[in-house]
Amino acid sequence: MSHDGVGLRAVMRSAAFLTAGVLAVPLLSACSADDEGDRPAAAQDIAPASRDQVADGGTLRWAVDAVPETLNAFQADADAATSRVAGAVLPSMYRLDANGRPQINPAYLESAKVVGTEPKQVVLYKLNQQAVWSDGREIGAADFAAQWRALSGKDSAYWTARNAGYDRIEKIERGKNNLEVRVTFARPYADWKSLFSPLYPKSVMGTADSFNDGARRKLKVSAGPFAVKKVDVKGGQVQLTRNPRWWGSPTKLSEIDLVAVARDKRATALAADELDMAEIDPADAERITAARGRSGPLKGESATGTQSPGAGRDKGEKDDSGETTGKSKDEKARDDGKSKRESDSDESSDGDEKDTSGAEGSKAKAADQQAALSAFVVRKSLEPAYTQLALNGSEGPLADERVRRAVARALDRKELAKVVLKPLGLPAEPVGSHLALIGQAAYSDNSGALGGQDTAEARALLADAGWVPGGPVTEQKKTEKAAGSKGKKADTDDSPGDDGTYIVGEDNKPSEADRDLRKDPKDHTGAHERTSAQSGIQADEQQAGKQYAKQGGAQGAYAPKGTAAPAGAASGALAKDGKPLTLRFVLPSGQGSESLRAVADRIAQMLQRIGIRTDISKVSDASYFKDHIASGQYDLALYSWPGSAYPATDARPIYSKPVPAADGSLSVEQNYTRVGTDQVDQLFDQALSTLDEGEERSLVRKADARIWAAAGSIPLYQRPQLTAVRTGLANAGAFGFQTPVYEDMGFLKKGAHPVASPSKTG
């Protein structure tokens, strides 16, 4: 899970009242239009090129947040980098297409289908006869069986993160020959296509010791287009090299280096020729766009280029000593120019003007860096993840469904989507489902189960819950909290006191964002430009301890002490039982938080209009999920969930009803809003047990409508995906839903051109 995004299923595997039943049944029925999710909101942007246009050789240096703690994707500390390695070096029976729908991977499977339902569900896999492990052994039933036993949950010696689906298998056996694998299920399992992707060799899955420790820093046996050459923790990179036993389309790149670079350091690393591809924040994307002489909303660009820098590095140029430098002519020329400037600077420092290393030197360095960024293009799409507003329903005012629904009805989700996506030239469409994204088969806009923005209705709901304007307010001691969560004091990074918080609604002075709205209510670009950066969890990335931090994502918004609250509040603060209606809005405070800050500011303004004050708290990134979200120390929060091709399996832990644990605590799994209903659980169970794909989609949509009605989380917008890519790199960039095809990535041949970018919008 992420503050604001990760790999599609890696996070799902890891360890992020009045019920909806009171609503009218018609409001809970999901939309049945089969064509609603036919196309994603934004196409992928990877500069597609045919394989004959791509040169053989070259090294792709691809940024990751950190060197993965483990190469075993089924362990709790697996992260997005783990998934990236697994995708390049291990078999996957299915991979996702551009619409986020699973398709058979022909490199490993000839076919896979349900061949029996009575008395038990039986799936027959027919494997590609060429598919072999890098040690020469055929991929077969023994590998499937070893993975099932390891992930079934029956042996606690295996330190697994999840066993969803594998716990339903009864047996696995060889079919008519070595190329057939028969999987018999003890209970029907609709999402059987999610299994065995990735598939590890039996040498990893065969024993608890090998599972727990054998694939953390090395993977001796693989079966993808690439193999793991080296995991260099100290050097901060993972080296993947061509698999000599790969039977599929020949791999174009010689090597992929996954280089650990923090989000806020990536523009510098790109300019220093240390990376060829990196997901970046909007601010860095704007720098690259400006370096290429463009202005306005970010434009999608297709890759063009002459000699590929990557291909050039394979052959290299010789320096004056005759040694191979490993750099292309263009790179060498750029370095020669830099060296001359450095030499000139050194000489001048010996003269009278010894201050050239100051302001002028900084300007020259910035100019060099900006010029170097012109060697890159920005490819953009929408990430397969959405940002939501989470409402903690475990205690305080939000334990009342009427208050949660009032918060939701106060929001203009279209406006919030525009704050983040419009300045980037991406479709600013609110997400209408918790369980699928536009383009996926299960998607339908079920937000009607809750209703759209309606200030009058929101106020009526609050009045019905007993919150009235101008009510008597008992003066509180400094240590006493207003109505809301029992949240801990904001753990600010610097000064003590209340520097980490401010309350929207305590005065009538307009905020900076509010003044912008008054200037032009239709133009949100100014506010975004001031806060034009975004994610990094990941965390999505992100989870407890290192796990929360590693999984990426957009960081939080924070208004410093002294920021005036926006005007336009409802007459008088709402109060009940002597306490004002104030909700604690918790946000992470790290760099890259500007887009979340802009969204949080707009939400605070919208809530103030119905009489709800927000106490915005800045907390450190390291503690955001562990100490606040996971522990329930918040009222409102912004974070993201990845989309999934298998929502009945992957989304159930996020929305299932919390249950009391043996020690008396509440077991929430990943349902950090603590809001759930029996009806939602029943619909998930039914969806998992049907083998009719149409019925499964219908049940998932009904479950989503119930989740909307409970108002525990409000989907806002699909996260932007911005990737800086070196000019000339093809079949790589902003992948959107689609699983990368690693063997097709590479640098264009001299004079070759890719297909025009599909995302030239805005």
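Definitions and cut-offs
- Residues numbered from 1 in each chain as written.
- Predicted model: local features only at pLDDT ≥ 70, side-chain atom pairs only at ≥ 80, totals over all residues.
- Heavy atoms only, no water.
- Helix = DSSP H or I, 4+ residues; strand = E, 2+ residues; numbered from the N terminus.
- Buried < 20%, exposed > 50% of the residue type's maximum accessible area, 1.4 Å probe, protein only.
- Areas by Shrake-Rupley, 256 points an atom, 1.4 Å probe, with all protein chains shown as cover.
- Core = buried A, V, L, I, M, F, W, Y, C linked by side-chain atoms within 4.5 Å.
- Contact = heavy atoms within 4.5 Å.
- Axes fitted to C-alpha atoms, helices over the stretch in contact; angles between N-to-C directions.
- Parallel < 35°, antiparallel > 145°, perpendicular 65-115°, else oblique.
- Left-handed = near helix turned anticlockwise from the far one by under 90°.
- Nonpolar A, V, L, I, M, F, W, Y, C, P; charged D, E, K, R; others polar.
- Arc of directions from axis to C-beta.
- Pairing = 2+ DSSP bridges.
- Salt bridge = Lys/Arg side-chain N within 4 Å of Asp/Glu carboxyl O.
- Polar contact = N/O pair within 3.5 Å; in protein donor to acceptor, adjacent residues only side chain to side chain.
- Phe/Tyr/Trp six-rings, centres within 6.5 Å; stacked < 30°, edge-to-face > 60°.
- pLDDT = per-residue confidence, 0-100.

Asker: Please provide a residue-by-residue account of the overall build of the chain, values included.
Answerer: The helix and strand tally for the chain stands at 23 helices and 26 strands. Across the 762 residues that make up the chain, the buried fraction comes to 57%. Accessible surface computed for the chain: about 29800 Å², of which carbon and sulfur atoms make up 48%.

Asker: Let's hear about the nonpolar core: which residues, and what values?
Answerer: Met93, Tyr125, Phe196, Leu240 and Tyr639 are the most contacted members of the largest nonpolar core, which has 108 residues in total. Ranked by residues supplied to this core, first place goes to helix H4 (residues 141-151) with seven residues. Setting aside anything within four residues of it in sequence, one finds Phe196 in contact with Pro91, Ser92, Met93, Tyr125, Phe144, Gln147, Tyr166, Ile169, Ile172 and Val183. In this structure, Ala375, Leu462, Tyr717 and Ala724 belong to the second largest nonpolar core, which totals 68 residues.

Asker: Explain the packing of helix H13 (residues 413-421) against helix H18 (residues 594-608) to me, and be specific about the residues and the numbers.
Answerer: In the contact formed by H13 and H18, the axes pass within 9 Å of each other and the chain directions differ by 155 degrees. Between H13 and H18, the angle is such that the two are roughly antiparallel. For H13 against H18, the interelement crossing comes out right-handed. Contacts from Glu415, Leu416, Val419 and Val420 in H13 reach Ser595, Ala598, Val599, Arg602, Ile603 and Met606 in H18. Taken together, the residues of the contact of H13 with H18 sort by class into seven nonpolar, one polar and two charged.

Asker: Account for the environment of Ala290, with residues named and values stated.
Answerer: Relative to the helices and strands, Ala290 is located in helix H8 (residues 282-291). Taking C-alpha positions, Ala290 is 9.1 Å from Leu373, a pair spaced 83 residues apart along the chain.

Asker: Go over H8, please, and point to the residues and values.
Answerer: Three or four residues apart is the spacing at which side chains of an α-helix point the same way, because the helix has 3.6 residues per turn. Taken together, the buried positions of H8 are Pro282, Asp284, Ala285, Ile288 and Thr289. Buried residues of H8, viewed axially, fall in a sector of 160 degrees; they line one side. Where H8 terminates, the next one or two residues include Gly293, which has phi positive at roughly 75 degrees.

Asker: A description of the sheet that holds strand E5 (residues 122-127) should follow, citing residues and the corresponding values.
Answerer: Adjacent strands of a sheet form backbone hydrogen bonds with each other and so pair up, either parallel or antiparallel. Taken in spatial order, the four strands line up as E4-E5-E7-E6 in an open sheet, and their pairing is antiparallel. Sheet topology places strand E4 (109-116) and strand E6 (169-174) at the edges, where each strand pairs with a single neighbour. With direction set aside, neighbouring strand axes in the sheet form an average angle of 15 degrees. Both E4 and E5 contribute to a ladder of six bridges, which runs antiparallel. Looking at E5, one finds that Val114 is bridged to Val123.

Asker: Break down unusual backbone geometry for me, with residues and values.
Answerer: The omega torsion of the bond from Glu118 to Pro119 falls at 0 degrees, within 30 degrees of zero and hence cis. Cis geometry marks the peptide bond from Ser197 to Pro198, where omega comes out at 5 degrees. Structurally, Pro198 is set in the loop between strand E7 (180-185) and helix H5 (202-205). A positive phi is found at Asp577, a non-glycine position, where the angle reads about 55 degrees. Summarising the element assignment, Asp577 is placed in the loop between strand E17 (574-576) and strand E18 (579-580).

Asker: Kindly report on the pattern of salt bridges, identifying the contributing residues and their values.
Answerer: Under the counting rule described, the total for this entry stands at 26 salt bridges. Measuring nitrogen to oxygen at the nearest pair gives 3.4 Å for the salt bridge that ties Glu693 to Lys193. On the accessibility criterion, Lys193 (22% relative accessible area) is partly exposed. The partner of Asp273 in a salt bridge is Arg726, with the nearest N and O atoms 2.8 Å apart. Each of the salt bridges in this network shares a partner with another, and the network as a whole consists of Arg61, Asp273, Asp276 and Arg726.

Asker: Any details on helix H14 (residues 455-464)? Residues and values, ideally.
Answerer: When H14 is considered as a whole, its buried residues turn out to be Ala458, Leu461 and Leu462. Buried residues in H14, looked at end-on, bunch into an arc of 100 degrees, giving them a common side. Exposed residues lying more than 90 degrees from the buried face of H14 are Ala456 and Asp464. The inward-facing, buried residues of H14 abut helix H12 (401-410) and E17. Residue Asp454 occupies the N-cap position of H14, its side-chain oxygen lying 3.2 Å from the main-chain nitrogen of Ala456. Just beyond H14, the residue with positive phi is Gly466, at close to 95 degrees.

Asker: Could you give an account of the packing of helix H22 (residues 678-689) against helix H23 (residues 693-710), with specific residues and numbers?
Answerer: It is at 9 Å that the axes of H22 and H23 come closest, and there the two elements cross at 165 degrees. In this view, H22 runs roughly antiparallel relative to H23, as classed from their interaxial angle. Between H22 and H23 lies a crossing whose hand is left-handed. On H23, the residues touching Gln679, Val680, Leu683, Phe684, Gln686 and Ala687 of H22 are Glu696, Leu699, Val700, Lys702, Ala703, Arg706 and Ile707. For the contact of H22 with H23, the class distribution of residues is eight nonpolar, two polar and three charged.

Asker: Could you give an account of the packing of aromatic side chains, naming the residues involved and the relevant values?
Answerer: The description of an aromatic ring pair rests on the distance of the ring centres and on the angle between the ring planes. The final tally for this structure, using the stated rule, is 19 aromatic pairs. Ring centres of Tyr125 and Trp192 lie 6.3 Å apart, and the angle between their planes is 80 degrees; this geometry places the pair in the edge-to-face category. Of the two residues, Tyr125 is situated in strand E5 and Trp192 in the loop between E7 and H5; the sequence distance between them amounts to 67 residues. In terms of burial, Tyr125 and Trp192 fall into one category: buried. Their ring planes at 35 degrees and their centres at 6.3 Å tell us that Phe185 and Tyr189 sit as a pair that is tilted.

Asker: Pulling in residues and values, what's your account of the pairing of E6?
Answerer: By the bridge criterion, five bridges tie E6 to E7 in an arrangement that is antiparallel. Along E7, the bridge assignment pairs Ile172 with Val183. Here E6 folds back onto E7 in antiparallel fashion, the turn holding five residues.

Asker: Explain the confidence of the model for the chain residue by residue, including any values.
Answerer: With 72% of its residues at a pLDDT of 70 or more, the chain shows a mean pLDDT of 80. Long-range and interchain partners of residues 487-502, a stretch whose pLDDT sits below 50, account for 43 contacts in this model, where long-range means more than four residues apart.

Asker: An account of the environment of Ala283 is needed here, citing residue identities and associated values.
Answerer: Among the structural elements, Ala283 can be located in helix H8. As for Ala283 and Asp264, which are separated by 19 residues in sequence, their C-alpha atoms are 9.9 Å apart.

Asker: Can you tell me about the sheet that holds E18, naming the residues and giving the values?
Answerer: What the three strands build is an open sheet, ordered E13-E17-E18; its pairing is antiparallel. Two strands in the sheet have a free side with no partner beyond their single neighbour: strand E13 (468-469) and E18. In terms of strand pairing, E13 meets E17 through two bridges, oriented antiparallel. Bridge pairing links Val468 to Ala575 in E17.

Asker: I'd like a rundown of the environment of Ser194, residues and numbers included.
Answerer: Relative to the helices and strands, Ser194 resides in the loop between E7 and H5. Considering only alpha carbons, one finds Ser194 and Arg95, 99 residues apart in sequence, at a separation of 9.3 Å. A polar contact is formed between the side chain of Ser194 and the backbone oxygen of Asp191, at a distance of 2.7 Å.

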